[in-house]
Amino acid sequence: MGKVKILVDSSADIPSEIAQTLGIGIIPMPVNIGERSYLEGVDLKVESFYNSFKEFAELPKTSQPNLQDVVNFYREAGSGGNSVIAVHLSSGLSGTVQTANLVKDMLKDEVEIAVIDSLGASLGAGMMAINAAEQAAKGVSFDEIITSLEQDRVKMRYIFTLDTLEYLIKGGRVSKVSGMVGTLLDIKPLLHITQQGKIEAYGKVRGRRASLRKLAEQISSEIKHPETQVIGISHSMCLEDAQILAEEIRAKIAIKDILFSTIGCTVGSHTGPGCVALFYRT
């Protein structure tokens, strides 16, 4: 009898040592910089990506993974009679789930596959997959893990702040006028991923420290049973700010632990350096 194998795409930002320990397969996402296309984590490393970010003539662009690459990953994970559960980047942000479902249909006579639309991104989706992999290691069934993921998806919260509006301006997310005012006044946007899996701004504050404090206030008012939760904080090359956020949270609530990760090239293509994101369950 086969096992249940958990897959994610690289936008889940799961620390490599955790993915290796739990046997989570990671499908690299394409990132296009200028005329060249790279695979995240294969020929594009996160450190060099951010170190070069300000030199890019235009913002990097992302796309869904190559169909044949997904076929290969699913097929390999499903070898030996294994079942596959794949947790993917929100359908509100990417066409990856659509590609995954095409592959599921292509392989339906070979492999038992479940495609889970995380309706999220970065470590929040990664935490869902980690939980699923821990259950799989304990022998929880394919159907029970799927049910657990569907319940987890509803509970997961994604909130984040950016240090600069520059990359939102370049990406056409805010007007140059409003962006200039925001920069001059040191305004920091507060954003979240909605239950529909899309990014929306929900507030703004003046100053970086104030934005981190606001995230800490929000989790303290929303989190359920914090003493039992491992929460997640991911950052795009601003570990010190991520640690400040952790201190702010620990000063307000007692939590079980905090998992840190670096925001990878897929998500970072849209946020740029200086993003701090917080993930927890309500």
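These numbers were taken from a predicted model, which means no experiment stands behind them.

Thresholds, definitions, all that
- Residues numbered from 1 in each chain as written.
- Predicted model: local features only at pLDDT ≥ 70, side-chain atom pairs only at ≥ 80, totals over all residues.
- Heavy atoms only, no water.
- Helix = DSSP H or I, 4+ residues; strand = E, 2+ residues; numbered from the N terminus.
- Contact = heavy atoms within 4.5 Å.
- Phe/Tyr/Trp six-rings, centres within 6.5 Å; stacked < 30°, edge-to-face > 60°.
- Patch = residues over 30% accessible without salt bridge, like charges linked within 9 Å, V, L, I, M, F, W, Y side chains within 5 Å.
- Areas by Shrake-Rupley, 256 points an atom, 1.4 Å probe, with all protein chains shown as cover.
- Salt bridge = Lys/Arg side-chain N within 4 Å of Asp/Glu carboxyl O.
- Buried < 20%, exposed > 50% of the residue type's maximum accessible area, 1.4 Å probe, protein only.
- Pairing = 2+ DSSP bridges.
- Axes fitted to C-alpha atoms, helices over the stretch in contact; angles between N-to-C directions.
- Parallel < 35°, antiparallel > 145°, perpendicular 65-115°, else oblique.
- Left-handed = near helix turned anticlockwise from the far one by under 90°.
- Nonpolar A, V, L, I, M, F, W, Y, C, P; charged D, E, K, R; others polar.
- Expected span 1.5 Å × (residues − 1).
- Arc of directions from axis to C-beta.

Engineer: Would you mind going over the environment of Ile130 with me for this structure?
Structural biologist: Mapped onto the fold, Ile130 is located in helix α5 (residues 122-137). Put simply, Ile130 and Glu112 are 18 residues apart on the chain and 20 Å apart in space, counted from C-alpha to C-alpha. Every residue in contact with Ile130, bar those within four places of it in the chain, is listed here: Ile14, Ile18, Leu22, Ile24 and Leu259.

Engineer: How should the packing of aromatic side chains be read in this particular structure?
Structural biologist: Under the criterion given, the structure shown has 6 aromatic pairs. Members of the aromatic cluster, joined through ring pairs, are Phe49, Tyr50, Phe53 and Phe56.

Engineer: What is the right way to read a nonpolar patch on the surface from this model?
Structural biologist: On the surface, a nonpolar cluster with roughly 280 Å² of combined accessible area is contributed by Leu67, Leu102 and Met106. With respect to the element layout, Leu102 can be found in helix α4 (residues 96-106). The partly exposed category is assigned to Leu102, whose relative accessible area is 47%.

Engineer: Looking at this structure, how should I read the sheet that holds strand β11 (residues 230-235)?
Structural biologist: Each strand in a sheet pairs with another by means of backbone hydrogen bonds, the pair being arranged parallel or else antiparallel. With mixed pairing, 6 strands are arranged side by side in an open sheet as β10-β9-β8-β13-β11-β12. Both outer strands of the open sheet, β10 (199-206) and β12 (257-262), are each paired with one neighbouring strand and no more. Each strand of the sheet is rotated relative to its neighbour by a mean of 20°, with strand direction disregarded. Across 7 bridges, strand β8 (residues 156-162) lies against strand β13 (residues 275-281) in antiparallel orientation. Considered in β13, the bridge of Ile159 is made with Leu278. Those strands touched by helix α6 (residues 142-155) are β8 and β13, and its axis lies near 40° from that of β8. Contacting β11, β12 and β13, helix α10 (residues 239-252) crosses the sheet at an angle of about 150° to β11.

Engineer: Even after reading the chapter, I still don't get the packing of α5 against α6, so can you show me in this structure?
Structural biologist: When two helices pack together, you describe them by how their axes are tilted relative to each other and by the distance separating the axes. At their nearest, the axes of α5 and α6 sit 10 Å apart, and the two run at 155° to each other. Relative to α6, α5 is oriented roughly antiparallel. The element α5 and its partner α6 pack so that their crossing is right-handed. Across the interface between the two elements, Met128, Asn131, Ala132, Gln135 and Ala136 of α5 pack against Ile145, Ser148, Leu149, Asp152 and Arg153 of α6. Partitioning the contact of α5 with α6 into residue classes produces 5 nonpolar, 3 polar and 2 charged.

Engineer: Hey, could you run me through α6 in this one?
Structural biologist: An α-helical turn contains 3.6 residues, so a residue and the one three or four places further along point in the same direction. Taking 1.5 Å of rise per residue, 14 residues should cover 20 Å, and α6 covers 20 Å from first to last C-alpha, within 8% of that figure. The complete set of buried residues in α6 reads Phe142, Ile145, Ile146, Ser148, Leu149 and Asp152. The buried side chains of α6 occupy one side of the element, clustering within an arc of 165° when seen end-on. Of the exposed residues in α6, those oriented more than 90 degrees away from the buried face are Asp143, Glu144 and Val154. In this fold, the buried residues of α6 make contact with β1 (4-9), β6 (83-88), β7 (113-117), α5, β8 and β13.

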